[in-house]
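These are the residues of each chain, in order.
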Amino acid sequence: MEAWRGIAEHLARGGWIMVPLGVVSLSLWTLVADRWLALRAFGRHDLELADAVGVVRGDHDAPTGGGLRARLVRTFVDGRTGRPNLDLELLRHEASRLRPELRRGLAVIAVLAAVAPLLGLLGTVTGMVRTFDVIAVFGTGNARELAGGLSQALVTTQSGLLVAIPGLMFGALLSRRARRLDHQ
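Peer 1: Is there a simple way to think about helix α2 (residues 18-43) in this case?
Peer 2: Every α-helical turn comprises 3.6 residues, leaving residues that sit three or four positions apart pointing alike. For α2, with 26 residues, the first-to-last C-alpha span of 37 Å sits near the 38 Å given by 1.5 Å per residue. Buried residues of α2: M18, L21, V24, S25, L28, V32, R35, A38, L39 and F42, and no others.

Peer 1: Could you clarify how one ought to interpret the packing of aromatic side chains in this entry?
Peer 2: Aromatic rings considered in pairs are described by the distance between their centres and by the relative angle of their planes. A full pass over the atoms with the stated rule returns 1 aromatic pair. Between W29 and F170 the ring centres are 5.5 Å apart and the planes differ by 85°, which places this aromatic pair in the edge-to-face class. Taken together, the residues span a long stretch of sequence, with W29 in helix α2 and F170 in helix α7 (residues 143-183) at a distance of 141 residues. Its relative accessible area of 35% is what places F170 among the partly exposed residues.

Peer 1: What should I look at first to understand a nonpolar patch on the surface in this one?
Peer 2: Taken together, the side chains of W36, L37, F170 and L173 define a hydrophobic patch exposed on the protein surface, amounting to about 370 Å² of accessible area. Counting residues per element, the ones that place at least two in the nonpolar patch are α2 and α7. Tracing the backbone shows W36 in helix α2. You can call W36 partly exposed: its relative accessible area is 41%.

Conventions we followed
Residue numbers here run from 1 along each chain, matching the order of that chain's written sequence. In view of the model being predicted, local features appear only for residues whose pLDDT reaches at least 70, and side-chain atom pairs are presented and counted only at 80 or more, with totals across whole chains, interfaces and linings using the full set of residues. Processing note: side-chain calculations cover all non-hydrogen atoms of the structure and skip hydrogens and water entirely. Strands are runs of DSSP state E lasting at least 2 residues, helices are runs of H or I lasting at least 4, and numbering of each runs from the N terminus. One less than the number of residues in a helix, times 1.5 Å, gives the span that helix is expected to have. Relative accessibility under 20% of the residue-type maximum defines a buried residue, over 50% an exposed one, and the middle range a partly exposed one, all with a 1.4 Å probe and only protein chains included. Two rings belonging to Phe, Tyr or Trp (six-membered ring only in the last case) form a pair when the distance between their centres is within 6.5 Å. Interplanar angles under 30 degrees mark stacking, angles over 60 mark edge-to-face geometry, and anything in between is tilted. Patch definition: residues with relative accessible area over 30% and no salt bridge; like charges joined within 9 Å; nonpolar side chains (Val, Leu, Ile, Met, Phe, Trp, Tyr) joined within 5 Å. To be clear on the numbers: accessible area is Shrake-Rupley with a 1.4 Å probe, and residue cover counts the displayed protein chains and nothing else. Think of a salt bridge as a Lys or Arg side-chain nitrogen and an Asp or Glu carboxyl oxygen that are within 4 Å of each other.

If you want it as structure tokens, here you go:
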């Protein structure tokens, strides 16, 4: 309980800018978790390439898994016409329909990770303005107020970076995972 109180006091030193930064952080990590689970589901219980070819040739039954290749093959098998050109277009259409599902939300993750340090910078500027206002009114004699402005500047910068750096790393990891699934 004491630890939570200390964290809350630390964050409160950042001022009002911590509210939008908290919203960005919560949105970012919700999207990261959603995309992580979705991409993981696309890769689990999937067909091997040889099995997919066997299903298309009619050697095996239609797949039941929820993986990306299994979904693609299942849709193809259900809709094929027996005419090679039309069947190829059906396969391409289904692949292009699934592709956005792989990439959904990745751009938003990148934007949120880029916005976080900018909000931290805004907090830095706000804290420095507060510090200079104190100097203009009281001179350098009011150390408590000077420290409050500097603390706001540093806490918001730190918080913005603590949100952005892991957010960028997870965004890149999820993008790489989506590209790998897309190539499969």
